[in-house]
Amino acid sequence: MRIRDKITIPFFFLAFAGIAVTALLSVNLISAVLEQRFERQLLVASDLLSRGNFARNASVLEQVKSIIDADVLTFEDGESAASTLEPSAESEWVALVTQLLRSEPAAAAPDPGLRFFEHRSLPYTLAFRPLPDGSDAVLVVMKETSDVARARRAITKPIVVIGIVLAVSISLISHLLTRSITSPLQKLARASKKLAGGDWDAMVEIE
């Protein structure tokens, strides 16, 4: 392996690894910020609806849905009290949410007001709030979050492309710089071999 390659190849892999790690960290950081903002939005909406006694007002729930693009369901004793869901889906979601609360107690959840689960191969994030009116009613704001995954992919693509372009550019620049350093050394080495072979007329041009 030539000297130029011995210098260029490790430098290329080091630069590529650095860019890849930076790109990965950037994607994860941006995704985390988006997810935290989205989860915060659901928690704030559920808190305001439960505190403002709007949980059983279907028209208010519809307005909230139009703003945050998330369905709202208030249920008690296994029955829907108000929701933005289609009537045919209300009983199904009441059963799903009730089962989810029983299987994942609040004490075991990272955030007592949030749950994450998959329904019909789609990811959902749910924000829960018990109503402070002395009843057993619970309000839940739910959103299907596949759009968050799409946003993450949309963010990842340009970062990966930029990373590849930077890696190739750094590799090309390092190759040219290394070549400018090693070429004179290679000329000197060739001249030395000629001298060693008895060619006393071998010369190295000084640049």
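Because the structure is predicted, anything quoted here is derived from the model rather than measured.

Draft legend 1. Molecular detail of the overall build of the chain. Per the secondary structure count, the chain includes four helices and five strands. Contacts spanning at least 24 positions in sequence make up 52% of the contacts within the chain whose residues lie at least 6 apart. Here the chain has roughly 13400 Å² of accessible surface; of this, 62% comes from carbon and sulfur atoms.

Draft legend 2. The arrangement of helix α4 (residues 146-196) in detail. Here α4 is 51 residues long and its end C-alpha atoms lie 71 Å apart, about the 75 Å a rise of 1.5 Å per residue gives. For α4, the principal kink sits at T182 and spans about 30 degrees; a proline, P184, occurs within the next four residues. Among the residues of α4, S146, I155, I159, G163, A167, S171, S174, T178, T182 and A191 are the ones counted as buried. Following α4 by one or two positions, G198 has its phi on the positive side, about 100 degrees.

Draft legend 3. Quick peek at the pairing of strand β4 (residues 122-130). Both strand β3 (residues 114-119) and β4 contribute to a ladder of six bridges, which runs antiparallel. Paired with F117 across the bridge in β4 is Y124. The antiparallel hairpin formed by β3 and β4 contains two residues in its connecting segment, where R120 sits at a positive phi of about 55 degrees.

Draft legend 4. Structural context of the packing of aromatic side chains. This model, assessed by the stated rule, comprises three aromatic pairs. For the pair F117 and Y124, a centre-to-centre distance of 5.9 Å together with 35 degrees between the ring planes defines the contact as tilted. Residue classification places Y124 among the buried positions, given a relative accessible area of 14%. Three or more aromatic residues link up through ring pairs in this structure, and these residues are W93, F117 and Y124.

Draft legend 5. Region of interest: the pattern of salt bridges. Under the criterion given, the structure shown has six salt bridges. In this structure, E76 engages R56 in a salt bridge whose closest nitrogen and oxygen atoms are separated by 3.2 Å. Note that E76 is positioned in strand β1 (residues 71-76) and R56 in the loop between α1 (3-51) and α2 (58-68), a separation of 20 residues in sequence. We classify E76 as partly exposed; its relative accessible area is 25%. Assessed through its relative accessible area of 39%, R56 is described here as partly exposed. With a shortest N-O distance of 2.9 Å, R120 and E92 are connected by a salt bridge. You can see R120 sitting in the loop between β3 and β4 and its partner E92 sitting in helix α3 (residues 87-103), a full 28 residues away along the chain. The exposure class assigned to R120 is exposed, which follows from its relative accessible area of 64%.

What counts, and at which threshold
- Residues numbered from 1 in each chain as written.
- Predicted model: local features only at pLDDT ≥ 70, side-chain atom pairs only at ≥ 80, totals over all residues.
- Heavy atoms only, no water.
- Helix = DSSP H or I, 4+ residues; strand = E, 2+ residues; numbered from the N terminus.
- Contact = heavy atoms within 4.5 Å.
- Areas by Shrake-Rupley, 256 points an atom, 1.4 Å probe, with all protein chains shown as cover.
- Expected span 1.5 Å × (residues − 1).
- Bend = angle between axes of the 7 residues up to and from the residue.
- Buried < 20%, exposed > 50% of the residue type's maximum accessible area, 1.4 Å probe, protein only.
- Pairing = 2+ DSSP bridges.
- Phe/Tyr/Trp six-rings, centres within 6.5 Å; stacked < 30°, edge-to-face > 60°.
- Salt bridge = Lys/Arg side-chain N within 4 Å of Asp/Glu carboxyl O.

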